[in-house]
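# Commentary on secondary and tertiary structure
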Amino acid sequence: MYYTLLIKKKYNFSGGIKCLSINTELDNYIINYIPYPKEFFVHVKYNTLKKNMLRVKINQKVLCGEPLTFGDCLSVPIHAPTSGLIKNIEFNSNCFGINKENIKITIISDYLDQWIRLKKINNYKLYSPQSLIKIIYRSGVVGLGGAYFSSSKKLMLSINKVHTLVVNAVESDPYITADYCLMNNYLNEIFIGCEIISWISKVKNIFIVIQEDKIKLISQIKLLIQNKPLFKICIFKKKYPAGSSKIIIQSLTGKDIPYGQHSIDIGYLIFNIATVYAIKRAVINGEPLIQRIVSLYNDKNHLSKNFLIRIGTPINFFLNYLKIKNNLDYMIYIGGVFMNNILIDLNYSISKDINCVLIRKYEKKTKKPINYSCINCGYCVQVCPVNLLPQKLYLHSKYNHHEKAKSSYIMDCIECKICEKVCPSNIPLVKYFKREKIIQNEIDTEIKRKKMFFNHFQQREARILNQKTIVHENKNDFNNTNLMKFSVLEKTSKKEFVNKQEIEKNIRKEILRSSIERAKLKK
Amino acid sequence: MNLPYIYNHYSVKNIMFFVLIASIPAILTECYFFGVVVLIQILLFIIFSLLFEIIILKIRGKNIKNNILDNSSIVTAVLLGLSVPATLTWWMIMFSSFFAIVVAKHLYGGLGQNIFNPAMVGYAVLLISFPLYMSACYKENTKLFSLDDVTISINKIFFQTSKSDVFIDNDPDIFTKATPLNDFKNKSRASYNTSLENISLKNKKIIIFSSWNYINISFLLGGFFLLYKKIICWRIPFSFLFSLFIFSTINYFFSTNLIVCPLFHFFSGGTMICAFFISTDPVTTSYSNIGKIIFGLIIGFLVYIIRNYSDYPDGIAFSVLFGNMIVPLIDDFLKTSGYGHKKI
Ligand code: SF4
Ligand code: SF4
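Within each chain, residue numbers correspond to sequence positions counted from 1 in written order. Chain labels run from A onward and ligand labels from 1 onward, assigned in the order the entries are written. A pLDDT threshold of at least 70 governs which residues receive local features in this predicted model, and a stricter bar of 80 or more applies before side-chain atom pairs are shown or counted, although totals over entire chains, interfaces and linings include all residues. Water and hydrogen atoms were dropped before computing side-chain values, which therefore reflect all heavy atoms in the structure.

### Focus: the overall build of chain B
- Assigned secondary structure in chain B consists of 17 helices and zero strands.
- Only protein chains enter the accessibility calculation, which uses a 1.4 Å probe. A residue is then buried if its area is under 20% of the maximum for its type, exposed if over 50%, and partly exposed in between. Per-residue burial for chain B yields a buried fraction of 57% across its 344 residues.
- Look at the contacts in chain B between residues 6 or more apart in sequence, and 78% of them connect residues 24 or more apart.
- Carbon together with sulfur atoms contributes 69% to the accessible area of chain B, which is approximately 15,300 Å² in total. Runs of E in the DSSP output that reach at least two residues are strands. Runs of H or I that reach at least four are helices, and both are numbered from the N terminus. Should any heavy atoms of two residues lie within 4.5 Å, those residues are considered in contact. Accessible areas in this description were obtained via Shrake-Rupley with a 1.4 Å probe; residue shielding takes into account the shown protein chains only.

Okay, here's the thing in structure tokens:
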């Protein structure tokens, strides 16, 4: 306990906000299990999923851990969470975009939970990194911190490129305790996971980043890594937001990740603690990723619990089990207190990137918060962790100054929502930013499209020119370059114009002369 | 959505309310030195400001209740009442609050859109229109909070009866000017040293100096309260005081006789009220951190220039207004490098 109080250096970043601490004891966090529901809904959402990538048909029996889809270079396979019968496969395109296809696979559980045969590996050092990455890929491990980026691809990119592995145990939201809970229970396995990753991508140091309030865990880790020179523990200040990879790099090194690059490009490989655990399970136990730890945060009494949940469990069942009876009275949010994205469909299931379910009692708002106009106070500027000017962005996006918004780097915003929370005028800033970002993306694609078409046009012109030169090769008197320059038409029209002018002049002269003559005659 | 989880979450209403609380010590000190007249004056300012606010909101067709409740017009009125000398009649107060609320605030588009600080616009209008009243004097208050005091001050404000003590300049029994700065301005050029030799005047001067010292210190206390509550940011007050200090120090060492010493600048006139209450008004200052520092430096420099080289004794109002004019420019040209771009 006193061990940790001696630590001098705490890593910090500029901006951000302090939060009140949770009043319940951190030691109470253990993993709770819930029984399996009757029906699992597995959502497969990838951008470019083709229908022939499905591996199963309706009315087919599946075993627990059986892959349901083939993966490709972008997506990893998804596995059946339990044994049972496939009842239905639905296709529906998402409302967000046409090319985002959503597949919903319904599995009826037979409560037997029969596993496929798992291939265990005892000594992973006998395998080459490539084959280990293949195993990780086949187990369907993705970034469990919310990024949904395929871990195998990340590892593949990182080979011989990184020098440091950063294990991210920093909760992105102050009230999620899923990562803490995982560390509390499976610390040894996480260490093995770290070693596997270091074996694969040959890193020289492993940093475990953790927030300062988890004192017990820190001392535990310190004891464990005492005679392992590879490991190092880094303690972060308790602040929101600290979980984003951009901000972790900034706090650790004081430098930013250059624009358009990833942390791998500057030598840091960042993995969430849950991902590390999943990698260990995938390699050593041969288990595919079918379960994860989800925090339940109840707003009412600051109760926070963690559950080990099979992916695909409907949230409805989850709530019923917790005896939250009247679902209509509650608002369910996905993500933490800050990121609260409201969930409309209660039949939506736990997917790989959900790490928190927030339950709030629905209250009819008696007092609407008054929205004043921006009073220019600059609180938002002081808290922004990525050094933006939210007030400026707000003005630009409100009045549709897209160019200016872009030059104020609106695309860098990580949508952490602190600026919105500290704003004294209750302006929904992030709403504006999101809209502006969509518009910016559209503008970008438009520009790209224009460029592409212009390229095509130029190529076509060149092609036609080539053909013409071939055709008119022998006729020297025909100057075909003139044709291509669009100047022929222009020249002819100009000539005509000049001719017309001259004719008109002549006519006018004629009239003048005749009038003068007439005047003379009168005299 | 209001969250109970965050430290220091304020709404506009709360911010304005805290500013009001922070100005309480200053109000009390001014009352102590100048009598109940200050209190009555502030009350009148508040009444007129709210009246104008309601009228203009009605004309503009806005929700009256919400806009009144944000307390901003009360803050403007209190600051205005604290910064003017306590010799105004009621119609001047009306005139000043009309300019502050209607012209400076609502004709520009209401709270958040105004370019100029409303309180300072009201002050500047008075300063230009009635320069004599604005630099007038008042007696040392002896009958504090007695009935006599109240009647005198009511007479003064509503009927302007006690005219005699306003315009006399050379009577030795009366403090000659509103602020010692003014006094210094009048006497220094020719005979600062000789006038100091006059012992009776010197004593008076010490009293008046100390009274303004106390008022400034009470503003300082209020300012520290605001800083502690994180309502205002330290950047503007400190850059303002810093630049004022630096410039006046440099000047002081070149000509010790003609120029007052820098500490005198700090604790006289409206330095502290400007530093902590007026220049930190969120609406009319730059919102970015560097912009705030630049703004403070500009105001400090202007105050120094006006105090030392112009005919106005206390340059707070004009320098703040001029700084407000520059703010949109600062805001437009300042950019931060976002995350991971080249540092500017
Ligand atoms: S939401 Fe965007 S602009 Fe606002 S504080 Fe976060 S990163 Fe900055
Ligand atoms: S916090 Fe809100 S009111 Fe203050 S500058 Fe930012 S957007 Fe404007």
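### Quick word on a nonpolar patch on the surface
Residues and elements named next belong to chain B.
- To count toward a patch, a residue needs a relative accessible area over 30% and no salt bridge; like charges are then connected within 9 Å, while nonpolar side chains (Val, Leu, Ile, Met, Phe, Trp, Tyr) are connected within 5 Å. Counted as salt bridges are all cases of a side-chain nitrogen of Lys or Arg within 4 Å of a carboxyl oxygen of Asp or Glu. Judged by side-chain polarity, Phe 242, Phe 245, Ile 246, Ile 250, Phe 254, Ile 293 and Leu 297 come together as a nonpolar surface patch covering roughly 660 Å² of accessible area.
- Contributing elements (two or more residues each) for the nonpolar patch: α13 (235-254) and α16 (289-309).
- Among the elements that take part in the nonpolar patch, α13 stands out by supplying five residues, more than any other.
- When you line up the elements, Phe 242 lands in helix α13.

### A word on the side chain of A:Gln440
- Here A:Gln440 is to be found in helix α14 (residues 429-471).
- From its side chain, A:Gln440 meets the backbone oxygen of A:His402 in a polar contact 2.9 Å long. Under this definition, polar contacts are N or O atom pairs within 3.5 Å; protein pairs additionally need one hydrogen-donor-capable and one acceptor-capable atom, and for neighbouring residues in sequence, both atoms have to be side-chain atoms.

### Observations regarding the interface of chain A and chain B
- Facing the 46 residues of chain A at the interface are 38 residues of chain B.
- Note on definitions: buried area is the accessible-area loss of two parts on being combined, 1.4 Å probe, summed for both. Summed over both partners, the interface of chain A with chain B comes to about 3,900 Å²; 57% of that surface belongs to carbon and sulfur atoms.
- Across the contact surface, chain A and chain B share zero salt bridges.
- Elements with a contribution of two residues or more to the side of chain A that touches chain B: α7 (245-253), α10 (379-383), α11 (390-398) and α13 (418-422) of chain A.
- Element by element, the count of residues in the side of chain A that touches chain B is highest for α7(A), at four residues.
- The nonpolar class holds Ala, Val, Leu, Ile, Met, Phe, Trp, Tyr, Cys and Pro. Asp, Glu, Lys and Arg form the charged class, and all remaining residues, Gly among them, are polar. Residues belonging to the side of chain A that touches chain B are distributed by class as follows: 26 nonpolar, 11 polar and nine charged.

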